[in-house]
Amino acid sequence: MKRKVAKVGKLRLSPNEESMLLKEEYDRRRKLRLQQVRLEQQKCIALQIRQKVKQRREEQLHQLEEALRAEWQRAQDQKAKVLEELYLSSLRAIGEGHRQAKEHEPDLEALAKQAE
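Residues numbered from 1 in each chain as written. Predicted model: local features only at pLDDT ≥ 70, side-chain atom pairs only at ≥ 80, totals over all residues. Heavy atoms only, no water.

Under an unreviewed UniProt entry, the protein chain has the name Centrosomal protein KIAA1731 and belongs to Chaetura pelagica.

Structure below.
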């Protein structure tokens, strides 16, 4: 008996195999979308963290600047106060030399009498 040799053509997948391949492709694409979304979320979160760190650093620099400025202003005020005190004491001492000279001025009459 001779059998007819069927022409070997394209093989068709069974419905189960076809649905399994479609499901696998769907799952693969879904995983890729999830990875892309997570990557974008990570980038966004990293950007937010960098911005927060930058803002916090700027705030700290501003606070440091204010503290140093206040400290410098106090030092300048203190120096001005010391110089003002020195100036006022110098003004008070202007006539002091003449007064002391008068107090220690030798009594010419007493010296004249003593010399006689």
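Next comes the rest of the write-up.
(A) Representation of the pattern of salt bridges. Counted by the stated rule, this structure contains 4 salt bridges. Across the salt bridge formed by glutamate 25 and arginine 28, the nearest N and O atoms sit 2.6 Å from each other. Pair noted here: glutamate 25 and arginine 28 are both in helix α1 (residues 15–92), with a separation of 3 residues, about one helical turn. The partly exposed category is assigned to glutamate 25, whose relative accessible area is 28%. (Salt bridge = Lys/Arg side-chain N within 4 Å of Asp/Glu carboxyl O. Helix = DSSP H or I, 4+ residues; strand = E, 2+ residues; numbered from the N terminus. Buried < 20%, exposed > 50% of the residue type's maximum accessible area, 1.4 Å probe, protein only.)

(B) Expanded view of the UniProt feature "coiled-coil region" (unreviewed entry) in the protein chain. In this numbering, the UniProt entry assigns the feature "coiled-coil region" (unreviewed entry) to residues 22–85. Secondary structure across residues 22–85 divides into 100% helix and 0% strand, with the first and last C-alpha atoms of the span separated by 94 Å. (UniProt positions renumbered as here; feature names shortened; annotations may be inferred.)

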